[in-house]
There are 2 protein chains.
Amino acid sequence: MMDVAKLAQVSPSTVSLYLRKPAAVSPAAGQEIARAIAALGYVPNLVAGGLAAASSKVVSVIVPSIRNAFFAETVSSLQSALVAEGFQVLLGHSEYGEEQEEALVRTALSWAPAAVVLTGLSHSAGTRKLLQASGVPVVEMWELGADPIDMAVGFSHPQVGATAARHLLSKGRRTLAFLGARMQEDHRAAKRASGFVEEARQGEPRTCEIINHPGAATVEAGSLLLNRALQQIPDLDGIACSNDLIALGALFECQRRGIAVPESIAILGFGDLDFSASCIPSLTTIRPSGDLIGREAARLILSSIHGEPPDGSARIVDTGHVLVERRST
Amino acid sequence: MMDVAKLAQVSPSTVSLYLRKPAAVSPAAGQEIARAIAALGYVPNLVAGGLAAASSKVVSVIVPSIRNAFFAETVSSLQSALVAEGFQVLLGHSEYGEEQEEALVRTALSWAPAAVVLTGLSHSAGTRKLLQASGVPVVEMWELGADPIDMAVGFSHPQVGATAARHLLSKGRRTLAFLGARMQEDHRAAKRASGFVEEARQGEPRTCEIINHPGAATVEAGSLLLNRALQQIPDLDGIACSNDLIALGALFECQRRGIAVPESIAILGFGDLDFSASCIPSLTTIRPSGDLIGREAARLILSSIHGEPPDGSARIVDTGHVLVERRST
DNA sequence: GTGAAAGCGCTAACAT
DNA sequence: ATGTTAGCGCTTTCAC
């Protein structure tokens with residue numbers, strides 16, 4: 001920056017000012033500085049900038065897994081919105097572990113981030129303490145319910161389960177199952193399951209079981225789960241899945257076993273993934289809008305940073321969920 | 001750090017040393033320092049550390065899109081390997097634009113990253129110049145071919161296309177098409193397509209067309225592409241797709257139109273995604289191993305940073321590809 | 001093994 | 001509108 005200043009015949013602080021607020025320097029000086037920057041191939045050092053300004057232009061985002069299409073979508077839209085405002089995204093995976101999350105938060109805070117974004121509302125006590133002590137804006141996303149650390153964007157998972165149950169009941173289904181994966185760690189999926197069971201009870205079902213696959217939520221897990229479900233409940237006529245991948249696996253398995261969908265078994269998913277509108281039969285599902293969550297999270301962060309921290313109920317944004325009815329039910 | 005030093009009754013530089021090389025301080029001092037850190041809830045400031053050390057513990061990773069399952073997988077494994085060594089991942093999306101990539105590289109370099117990871121070998125001249133001038137280790141991934149900027153991990157896309165063509169020919173198919181999406185921007189997909197056509201020519205096919213969908217590679221695009229292909233080539237008997245999502249969409253469309261797969265049309269995908277083993281019929285595909293690419297990229301970066309920059313042919317890692325034969329062909 | 005001293009490259013009062 | 005000045009919190013010689 002000193003070299004640029006020398007070449008442009010101004011002081012370093014004018015260069016710094018120009019870089020941050022170009023309108024604040026005279027057009028003549030600005031032009032000289034721009035020329036000098038180009039001539040020298042100057043690239044500002046944001047590390048030094050972050051140190052001097054005591055806040056780096058970085059937002060740390062921690063998700064359970066970036067392989068999960070839900071979070072990939074959210075991270076993608078969150079990032080686009082943030083990059084447009086000059087922020088970078090530092091990414092972390094907790095792999096659904098609270099211990100790992102705490103370690104990630106600790107490192108994240110070492111970067112003096114402008115904000116921290118976490119997934120869900122279940123965190124270790126240490127994570128909460130670290131974040132509260134730091135004074136950094138925090139957004140918890142993909143879940144609404146208990147009191148958030150700072151701000152939250154998401155929706156109620158029990159309500160998603162309830163919507164699923166009501167839909168299956170409305171289609172006359174009474175022998176029900178909820179198929180989920182990794183629910184010992186994925187608390188949000190577990191909440192969809194319990195919301196499902198609770199609501200289903202109102203409809204006096206013959207049966208309503210939760211069936212869990214300990215591994216990841218994949219298409220293959222869906223096939224396994226459908227088989228397990230039929231073993232336990234031979235006259236099964238309606239299933240809700242914690243995820244569209246599982247629903248697709250169940251659908252394929254029905255096809256393989258010659259079970260008519262939706263005639264014999266109605267299948268309902270969650271996520272409205274890429275293939276859900278195209279598969280045969282097309283999949284009834286519940287759409288959470290990971291995209292909207294990302295955009296709203298970015299909005300909360302930006303207004304929080306720009307000195308207008310949202311207050312009261314504006315700190316919590318309910319993005320809701322939408323039932324997308326298709327052929328599988 | 002001064003507070004910690006005061007409480008532990010040592011100098012700040014001893015605390016700094018302890019943090020970086022715990023073995024270099026006496027056990028007694030180490031214990032005091034550890035106690036002080038815990039008591040004060042001290043979190044080191046990596047921004048200051050990065051400035052003082054002139055290299056931050058950050059690796060910048062730029063992919064076209066994190067929504068793409070291929071890159072999600074690679075970023076995930078790359079990150080796990082890097083985090084284990086104390087590095088953070090700064091993520092960027094180029095959206096398949098060279099201009100955008102250049103802007104991302106420019107900001108990335110502002111963070112004085114320990115390394116930069118790019119996707120593919122096609123970059124703007126400015127990107128190459130910036131990176132070469134910076135002296136930072138660079139890994140280009142997911143493609144092998146022309147001379148890399150610094151290091152590369154990936155495989156040959158024309159060879160993938162050739163493998164696909166050979167396989168279809170070996171199944172007696174002679175009326176062929178390659179279905180791809182966004183190939184005007186996704187150069188790697190375009191290379192698979194041209195590799196396919198070139199190899200197919202050796203087998204004297206009746207026809208061999210490339211059909212492109214300008215939008216994203218989705219299941220729906222696959223359905224559209226199959227319809228377009230049949231319109232152009234009514235007696236089509238073999239297709240290769242640039243991606244398993246497209247193959248799945250084609251498969252669904254065949255099902256909808258009552259076309260037997262593989263009897264009437266053989267379908268071959270690329271990627272071996274989650275659903276490919278489970279769909280009906282299961283999908284023959286070519287597996288590139290995004291996971292391996294991520295791990296190898298991490299290995300190159302780490303050895304490059306730790307003073308043993310791989311030289312000569314070790315700077316280029318071919319992860320190859322595997323044909324996974326299933327029922328759809 | 002430990003400490004003193006000199007920055008790393010920039011920002012942000014403040015003064016002009 | 002521009003310049004002067006004093007750090008931001010740490011790392012890294014170098015001497016002890």
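Residues numbered from 1 in each chain as written. Chains lettered and ligands numbered in written order. Predicted model: local features only at pLDDT ≥ 70, side-chain atom pairs only at ≥ 80, totals over all residues. Heavy atoms only, no water.

**A few points about the sheet that holds strand E7 (residues 207-213) of chain B**
Residues and elements named next belong to chain B.
Consideration 1: Ordered by their spatial adjacency, 4 strands build an open sheet running E7-E6-E8-E9, and the pairing between neighbours is parallel. Of all strands in the sheet, those with a lone pairing partner are E7 and strand E9 (266-268), marking the two edges. On average, adjacent strands in this sheet sit at an angle of 15° to one another, irrespective of strand direction.
Consideration 2: Inspection of the sheet shows strand E8 (residues 238-241) paired to E9 by 3 bridges, in the parallel sense. When the bridges of E9 are listed, isoleucine 239 appears paired with isoleucine 267.
Consideration 3: Helix-sheet contacts for helix H11 (residues 244-257) involve strand E6 (175-181), E8 and E9, and the interaxial angle to E9 is about 160°. (Pairing = 2+ DSSP bridges. Helix = DSSP H or I, 4+ residues; strand = E, 2+ residues; numbered from the N terminus. Axes fitted to C-alpha atoms, helices over the stretch in contact; angles between N-to-C directions. Contact = heavy atoms within 4.5 Å.)

**Focus: the interface of chain A and chain B**
Consideration 1: Between chain A and chain B, the residue contacts involve 45 residues of the former and 45 residues of the latter.
Consideration 2: Summed over the three residues of chain A that lose the most area to chain B, namely Val47(A), Arg67(A) and Trp111(A), the buried surface amounts to 16% of that side.
Consideration 3: At the boundary of chain A with chain B, the tally comes to 3 salt bridges.
Consideration 4: Seen at the junction of chain A and chain B, the total is 18 residue pairs in polar contact (both at pLDDT 80 or more).
Consideration 5: Of all the elements, strand E2 (residues 88-93) of chain A adds the most residues to the side of chain A that touches chain B, at 6 residues.
Consideration 6: Here E2(A) runs beside strand E2 (residues 88-93) of chain B; their pairing, made up of 3 bridges, is antiparallel. By the bridge assignment, Val89(A) is partnered in E2(B) with Leu91(B). (Buried area = accessible area lost by both parts, 1.4 Å probe. Salt bridge = Lys/Arg side-chain N within 4 Å of Asp/Glu carboxyl O. Polar contact = N/O pair within 3.5 Å; in protein donor to acceptor, adjacent residues only side chain to side chain.)

**Quick notes on the packing of aromatic side chains**
Consideration 1: Applying the stated criterion across every chain yields a total of 12 aromatic pairs over all chains.
Consideration 2: Ring geometry for Phe70(A) and Phe270(A): centres 5.4 Å apart, planes at 85°, overall edge-to-face. Taken together, the residues Phe70(A) in helix H5 (residues 69-83) and Phe270(A) in the loop between strand E9 (266-268) and strand E10 (285-287) connect sequence positions 200 residues apart. Each of the two residues, Phe70(A) as well as Phe270(A), counts as buried.
Consideration 3: When the centroid spacing of 5.8 Å and the interplanar angle of 70° are considered together, the rings of Trp142(B) and Phe155(B) count as edge-to-face. Taken as a pair, Trp142(B) in the loop between strand E4 (138-141) and strand E5 (151-154) and Phe155(B) in the loop between E5 and helix H8 (157-170) lie far apart in primary sequence, 13 residues in all. With respect to class, Trp142(B) is no different from Phe155(B); both count as buried.
Consideration 4: Pairwise contacts between aromatic rings join Phe70(A), Phe71(A), Trp142(A), Phe155(A) and Phe270(A) into one cluster.
Consideration 5: In this arrangement the basic side chain of Lys57(A) is found over the ring face of Phe87(A), its NZ or CZ atom lying 4.4 Å from the centre. (Phe/Tyr/Trp six-rings, centres within 6.5 Å; stacked < 30°, edge-to-face > 60°. Buried < 20%, exposed > 50% of the residue type's maximum accessible area, 1.4 Å probe, protein only. Lys NZ or Arg CZ within 6 Å of the ring centre and 35° of its normal.)

**Some words on the pairing of strand E6 (residues 175-181) of chain A**
All names here are of chain A.
Consideration 1: When you tally the buried positions in E6, you get 7 out of 7 residues, the bulk of the element.
Consideration 2: Residues of E6 alternate between two faces, with Thr175, Ala177, Leu179 and Ala181 on one and Leu176, Phe178 and Gly180 on the opposite face, all of them buried.
Consideration 3: Sheet analysis places E6 next to strand E7 (residues 207-213), joined by 7 bridges and oriented parallel. Residue alanine 181 lies in a different strand from E7, and its bridge partner there is histidine 213.
Consideration 4: Following the chain from E6 across helix H9 (residues 187-202) to the adjacent parallel E7, one finds a crossover that is right-handed.
Consideration 5: With 4 bridges joining them, E6 and strand E8 (residues 238-241) adopt parallel strand pairing. (Right-handed = clockwise from strand over helix to strand, strands pointing away.)

**Describing the protein's contact with DNA strand D**
Consideration 1: If you check the shell around DNA strand D, you find 21 residues, and the closest are Ser11(A), Ser13(A), Ser26(A), Ser16(B) and Tyr42(B).
Consideration 2: Here, DNA strand D places atoms within 4 Å of the protein, and 68% of those atoms are sugar or phosphate.
Consideration 3: For DNA strand D, a phosphate oxygen lies 3.1 Å from a polar atom in the backbone of Asn45(B).
Consideration 4: Here a base nitrogen of DNA strand D sits 3.3 Å away from a polar atom, N or O, in the main chain of Ala48(B).
Consideration 5: Where the surface near DNA strand D is concerned, the elements lending two or more residues are helix H2 (12-20) and helix H4 (46-53) of chain A together with helix H2 (12-20) and helix H4 (46-53) of chain B.
Consideration 6: The residue inventory of the surface near DNA strand D, partitioned by class, reads 12 nonpolar, 8 polar and 1 charged. (Near = heavy atom within 4 Å. Nonpolar A, V, L, I, M, F, W, Y, C, P; charged D, E, K, R; others polar.)

**Some thoughts on the packing of helix H8 (residues 157-170) of chain A against H9(A)**
All names here are of chain A.
Consideration 1: At their nearest, the axes of H8 and H9 sit 6 Å apart, and the two run at 40° to each other. Considered as vectors, H8 and H9 are oriented oblique to each other. Once H8 is placed against H9, the crossing between them reads as right-handed. Between H8 and H9, the contacting residues are His157, Pro158, Val160, Gly161, Ala162, Ala164, Ala165, Arg166, Leu168 and Leu169 on the first element and Arg188, Lys191, Arg192, Gly195, Phe196, Glu199 and Ala200 on the second.
Consideration 2: Split by residue class, the contact of H8 with H9 holds 9 nonpolar, 3 polar and 5 charged. (Parallel < 35°, antiparallel > 145°, perpendicular 65-115°, else oblique. Left-handed = near helix turned anticlockwise from the far one by under 90°.)

**Brief notes about the sheet that holds E5(B)**
Consideration 1: Read from one edge of the open sheet, 12 strands run E11(A)-E5(A)-E4(A)-E3(A)-E1(A)-E2(A)-E2(B)-E1(B)-E3(B)-E4(B)-E5(B)-E11(B), paired in mixed fashion. Two strands lie at the open edges of the sheet, namely strand E11 (316-318) of chain A together with strand E11 (316-318) of chain B, each paired on one side alone. Ignoring strand direction, the axes of neighbouring strands in this sheet form an average angle of 20°.
Consideration 2: Bridge count between strand E3 (residues 115-119) of chain B and E4(B): 4 bridges; the pairing is parallel. When the bridges of E4(B) are listed, Val116(B) appears paired with Val138(B).

**Focus on the relation of the copies chain A and chain B**
Consideration 1: Laying chain A over chain B is done by rotating through 180° and shifting 0.1 Å along the axis; what remains is an RMSD of 0.1 Å. Taken together, the rotation angle and the small translation identify this as a two-fold axis. Looking at the rotation axis and the C-alpha trace of chain A, the residue lying nearest is Leu90(A), at 2.3 Å. (Least-squares fit on C-alpha atoms with pLDDT ≥ 70 in both.)

**Some details on the domain arrangement of chain A**
All names here are of chain A.
Consideration 1: By the assigned domains, chain A splits into domain 1 (2-44), domain 2 (54-153 + 290-319) and domain 3 (157-287).
Consideration 2: For domain 2 versus domain 3, the distance between C-alpha centres works out to 30 Å.
Consideration 3: Facing the 12 residues of domain 2 at the interface are 11 residues of domain 3.
Consideration 4: Together, the buried faces of domain 2 and domain 3 total about 970 Å²; carbon and sulfur atoms form 54% of this surface. (Domains from an automatic or database assignment.)

**Details of the UniProt feature "domain: HTH lacI-type" (unreviewed entry) in chain A**
Consideration 1: The UniProt feature table records "domain: HTH lacI-type" (unreviewed entry) at residues 1-53 of chain A.
Consideration 2: Taken end to end, residues 1-53 of chain A is 72% helix and 0% strand, and its first and last C-alpha atoms sit 16 Å apart. (UniProt positions renumbered as here; feature names shortened; annotations may be inferred.)

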